[in-house]
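Observations on chain architecture
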Amino acid sequence: MERTFLMIKPDGVQRGLVGEVIRRFEAKGFTLVGLKLMSVSKELAEQHYDVHRDKPFFKGLVDFITSSPVVAMVWEGDGVVAGARTVIGATNPLTADPGTIRGDFGLNIGRNLIHGSDAVETANREINLWFSESELVNWTPAMKPWLEE
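Residues numbered from 1 in each chain as written. Predicted model: local features only at pLDDT ≥ 70, side-chain atom pairs only at ≥ 80, totals over all residues. Heavy atoms only, no water.

As annotated in an unreviewed UniProt entry, the protein chain carries the name Nucleoside diphosphate kinase and is attributed to Phormidium yuhuli AB48. Here is the UniProt Cofactor (unreviewed entry) comment for the protein chain, exactly as written: "Mg(2+)". Quoted verbatim from the Sequence similarities (unreviewed entry) field of the UniProt record, the comment on the protein chain reads "Belongs to the NDK family." (UniProt positions renumbered as here; feature names shortened; annotations may be inferred.)

Here's what the structure looks like:
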């Protein structure tokens, strides 16, 4: 079963949108298998955003993600990486479709509430970076048979 990493960023936590964000992924039929509220260390933030290390906005990303708690999550489901990206919406909330998390709640590209892995390979790297295997729960929701063909 495919898994993805999602993170409600400091702006989403500070604005009290954690429940709303989680509700949308549950309503989509994905299964939550890992969840934690945490303060992000500078080291973890730098590892997470390593792909942007040489870009001028790298320091700003690290400073923002370490400024307040985040909610780190792992979700599971068929096509969950692409499905989650659809629920999240475009990176820039100004161009994100209404009905997506960023389209409904995002303010600007720097305050877009949520991070979601962009590919299965990225998801695997991010899940291993943010969670240990013992922090993930393997379980089957009772509704699963209702969601399958």
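1. Thoughts on the pairing of strand E1 (residues 3-8)
The element E1 is extensively covered by neighbouring structure, given that 6 of its 6 residues are classed as buried. Where burial is concerned, the two faces of E1 agree: the one with Arg3, Phe5 and Met7 and the one with Thr4, Leu6 and Ile8 are both buried. Across 6 bridges, the pairing between E1 and strand E3 (residues 70-76) is antiparallel. In the strand pairing of E3, Met7 is matched with Ala72. Here 3 bridges tie E1 to strand E4 (residues 114-116), and the two strands are oriented antiparallel to one another. Within the sheet, the bridge partner assigned to Leu6 lies in E4 and is Gly116. (Buried < 20%, exposed > 50% of the residue type's maximum accessible area, 1.4 Å probe, protein only. Helix = DSSP H or I, 4+ residues; strand = E, 2+ residues; numbered from the N terminus. Pairing = 2+ DSSP bridges.)

2. Describing helix H2 (residues 18-28)
Looking at H2, one finds that the buried residues are Val21, Ile22, Arg24 and Phe25. Taken end-on, H2 shows its buried residues confined to a sector of 155 degrees, consistent with a single buried face. Opposite its buried face, H2 presents the exposed residues Gly19 and Ala27, each directed more than 90 degrees away. Backbone geometry just downstream of H2 places Gly29 in the positive-phi region, at approximately 100 degrees. (Arc of directions from axis to C-beta.)

3. Examining the UniProt feature "binding site: ATP" (unreviewed entry) in the protein chain
Per the UniProt record, "binding site: ATP" (unreviewed entry) is annotated on Lys9, Phe57, Arg85, Thr91, Arg102 and Asn112. Mapped onto the elements of the fold, Lys9 is located in the loop between E1 and helix H1 (10-14). Its relative accessible area of 10% is what places Lys9 among the buried residues. Those residues in contact with Lys9, other than ones at most four positions away along the chain, are Tyr49, Phe64, Ile65, Pro69, Val70, Asn112, Leu113, Ile114 and His115. For Arg102, the contacting residues outside a window of four places in its chain are Ile88, Gly89, Ala90, Thr91, Pro93, Ala96, Asn112, Ile114 and His115. (Contact = heavy atoms within 4.5 Å.)

4. Some thoughts on the environment of Glu26
Its location among the elements puts Glu26 in helix H2. Between the C-alpha atom of Glu26 and that of Pro98, which follows or precedes it by 72 residues, the distance is 19 Å. Leaving out residues up to four positions away in the same chain, Glu26 has contacts with Trp75 and Met143.

5. Digging into the nonpolar core
Counting residues in each nonpolar core, the largest one holds 20 residues, and the members touching the most others are Leu6, Val21, Phe25, Met73, Trp75 and Ile114. Taken together, the elements giving at least two residues each to this core come down to E1, H2, E3 and helix H5 (80-88). Residue contributions to this core peak at 5 residues, all from H5. In this structure, Ile114 is in contact with Met7, Ile8, Lys9, Val21, Phe25, Ile88, Ile101 and Arg102, ignoring residues within four places of it in sequence. Within the second largest apolar cluster, 18 residues are counted, among which are Val40, Ile65, Ala72 and Trp130. (Core = buried A, V, L, I, M, F, W, Y, C linked by side-chain atoms within 4.5 Å.)

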